[in-house]
Amino acid sequence: MSIKVMRATLLKDLRMEWRSKDAINSMLFFSLLVVVIFSFAFNPTAEQSRLIAGGLIWVAFLFAAVVALNQTWARELSNQVLDAYRVSPAPANALFLAKVLGNFLFVIVLEGLMAPLFVVFYQLRSVGPVWQLILIALFGTWALVVNGTFFAALSIRTRNREIMLPLILFPISIPALLAMVDSTTAILTGESVPDFWIKLLAVYDVVFTSVCLLLFESVLNAE
Amino acid sequence: MRPLSIAFIILTLALLGYSTYQALLVAPTEQTMGDVQRIFYYHAPTAWVAGLCFFVNFLASIAYLWKRSPDMDALAVASAEVGVVFCTIVLITGPIWARPVWGIWWTWDARLTSTLVLWLIYVSYLILRRYATGGQTQVLAAAVAIFGFVDVPIVYMSIRWFRTQHPSPVIAGGENSGLDPAMWHAFLWNLVAFTCVGIVFVAARYRLQKMENLLEDTHARMALEGSTQ
């Protein structure tokens with residue numbers, strides 16, 4: 001049943017997103033704004049931008065992801081969909097994983113669309129192995145999205161919904177963010193090897209996916 | 001207050017007095033750093049108490065999710081709040097020492113950064129508690145507490161790889177580490193005294209939280225009884 005529920009929820013979310021394009025449009029425009037504003041704020045030369053690009057890219061994606069994550073559960077509140085889900089016998093983790101996968105796809109699409117823009121605007125050229133960047137993007141995005149989806153489910157229960165998510169997500173995500181930024185910079189500059197960071201991201205993903213799956217049911221049913 | 005609590009508070013005060021005397025007057029002055037090194041007798045014990053509080057918070061949060069006992073939640077709040085206070089003291093005493101010894105107030109070194117991130121995580125825990133509504137607070141807070149504690153070793157590992165400047169552990173750190181026996185004496189007394197201070201604070205906050213819970217329950221019951229009449 002888990003797989004069925006997961007697939008149904010995921011397909012529903014993807015279809016809604018395909019028709020409205022709410023999440024992807026707001027994320028795209030938001031990260032575009034970040035790219036432009038950072039460029040004005042730091043006015044980097046090509047050499048400098050190679051050094052700071054890792055930070056820029058991930059901060060832009062982190063902020064943009066929060067925009068999508070905040071919408072992910074909010075849309076289930078209308079018509080008491082979430083309450084209906086809670087009384088249904090469907091396993092909570094299936095719903096959670098479907099939401100995570102949906103958000104993961106949205107953010108990955110965003111990254112795919114934004115990456116060329118970063119390359120153009122900041123004159124990036126990779127010195128190290130590019131295929132590792134893809135690995136970092138996959139692991140890093142999962143790290144942000146799995147915790148982000150969990151904390152979004154948590155923050156819709158609070159009084160200041162939209163603000164609460166980054167307040168909890170950012171401190172917990174610091175090691176993942178550090179790993180993403182440093183490994184990306186390592187590849188772009190070719191000055192060091194990102195292996196340790198990629199392993200750290202993998203560990204982070206495994207640990208926090210497990211914690212999320214362990215705790216999600218309690219959070220969903222919290223009364 | 002029960003006589004046992006009063007006795008423990010008096011004991012704590014006595015210990016604190018003795019350990020302060022040891023740290024400020026008895027312990028020898030450090031050769032290169034001078035008197036400013038004495039802040040170590042406060043810095044390290046408060047860091048220990050903060051860590052202990054966060055650990056208690058973690059255990060209490062798990063226990064709460066397991067048994068759903070409001071008392072465990074009260075213990076979790078109490079230890080998190082006291083932990084944040086002690087962690088703040090660590091973050092303040094550190095720079096006071098670092099300025100004359102390192103020449104800078106702050107550096108993004110592994111232990112400093114980890115402590116700051118730890119502080120951020122538990123402050124966000126307290127913010128969540130403030131903004132969560134109604135009966136959900138305890139469950140949501142317990143979840144964040146578990147996330148926070150699980151994050152700590154990962155934070156430490158990642159930032160350690162990032163950079164290191166903090167003096168390597170003085171105690172059991174390596175060949176050249178180690179304290180003068182007289183310093184050990186002062187340090188241990190402070191460790192004991194501050195642990196007792198931490199226990200007193202957590203116990204007081206725990207009692208207060210239990211009273212708050214009781215008050216809330218009473219109000220809720222009175223409202224219910226009032227509405228049925």
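Residues numbered from 1 in each chain as written. Chains lettered and ligands numbered in written order. Predicted model: local features only at pLDDT ≥ 70, side-chain atom pairs only at ≥ 80, totals over all residues.

### Quick notes on the overall build of chain B
Next, step 1: Along chain B, the regular secondary structure elements total six helices and zero strands.
Next, step 2: Seen through its principal axes, chain B has C-alpha atoms that stretch 75 × 45 × 25 Å.
Next, step 3: Counting the 229 residues in chain B, one finds 35% classified as buried.
Next, step 4: Put simply, of all contacts in chain B between residues at least 6 apart along the chain, 77% involve residues at least 24 apart. (Helix = DSSP H or I, 4+ residues; strand = E, 2+ residues; numbered from the N terminus. Buried ≥ 20, exposed ≤ 12 C-beta atoms within 10 Å, placed from the backbone. Contact = placed C-beta atoms within 7 Å.)

### A short note on the interface of chain A and chain B
Next, step 1: Listed per partner, the contact involves 24 residues of chain A and 27 residues of chain B.
Next, step 2: Counting residues per element, the ones that place at least two in the side of chain A that touches chain B are α7 (161–189) and α8 (195–220) of chain A.
Next, step 3: At nine residues, α7(A) tops the list of elements feeding residues into the side of chain A that touches chain B.
Next, step 4: Residue classes in the side of chain A that touches chain B are distributed as 18 nonpolar, three polar and three charged. (Nonpolar A, V, L, I, M, F, W, Y, C, P; charged D, E, K, R; others polar.)

### Observations concerning the nonpolar core
Next, step 1: Core analysis: the largest hydrophobic core is formed by 125 residues, its most contacted members being A:A65, A:L201 and B:L140.
Next, step 2: Dropping the residues within four chain positions of it, B:L140 is found in contact with A:L154, A:R157, A:V219, A:A222, B:L128 and B:A132. (Core = buried A, V, L, I, M, F, W, Y, C linked by C-beta atoms within 7 Å.)

### Section: the confidence of the model for chain B
All names here are of chain B.
Next, step 1: When the pLDDT values of chain B are averaged, the result is 85; 92% of them are 70 or greater.
Next, step 2: Ranking the helices and strands of chain B by mean pLDDT puts helix α2 (residues 40–67) first, with 92, and helix α5 (residues 137–162) last, with 86.
Next, step 3: Contacts of residues 172–176 to residues separated by more than four positions or lying in other chains number two contacts, the stretch itself having pLDDT below 50.
Next, step 4: This complex was scored by the predictor with a pTM of 0.86 and an ipTM of 0.85. (pLDDT = per-residue confidence, 0-100.)

### Observations regarding the environment of B:Y122
All names here are of chain B.
Next, step 1: Along the chain, the position of Y122 falls in helix α4 (residues 110–131).
Next, step 2: Distance in space between the C-alpha atoms of Y122 and T93 is 19 Å, their sequence separation being 29 residues.
Next, step 3: With sequence-adjacent residues up to four places away left out, Y122 is seen in contact with F54, A80, G83, V84, C87 and G148.

### Considering α8(A)
Residue and element names in this part refer to chain A.
Next, step 1: Under the 1.5 Å per step criterion, the end-to-end length of α8 is 37 Å for 26 residues, consistent within 8% with the ideal 38 Å.
Next, step 2: Bending of α8 peaks at approximately 35° at the position of L214.
Next, step 3: Those residues of α8 that fall on the buried side of the exposure criterion are W197, L200, L201, Y204, F208, C212, L215, F216 and V219. (Expected span 1.5 Å × (residues − 1). Bend = angle between axes of the 7 residues up to and from the residue.)

### Description of the packing of helix α1 (residues 2–20) of chain A against helix α5 (residues 92–121) of chain A
Residue and element names in this part refer to chain A.
Next, step 1: Look at α1 against α5: their axes get within 8 Å of each other, and the N-to-C directions meet at 35°. Viewed along their axes, α1 and α5 form a crossing whose handedness is right-handed. Counting all contacts with α1, which are made through S2, V5, M6, T9, L10, D13, L14 and E17, the residues of α5 involved are A94, L95, L97, A98, L101, G102 and F106.
Next, step 2: Residues that form the contact of α1 with α5 fall into these classes: 10 nonpolar, three polar and two charged. (Axes fitted to C-alpha atoms, helices over the stretch in contact; angles between N-to-C directions. Left-handed = near helix turned anticlockwise from the far one by under 90°.)

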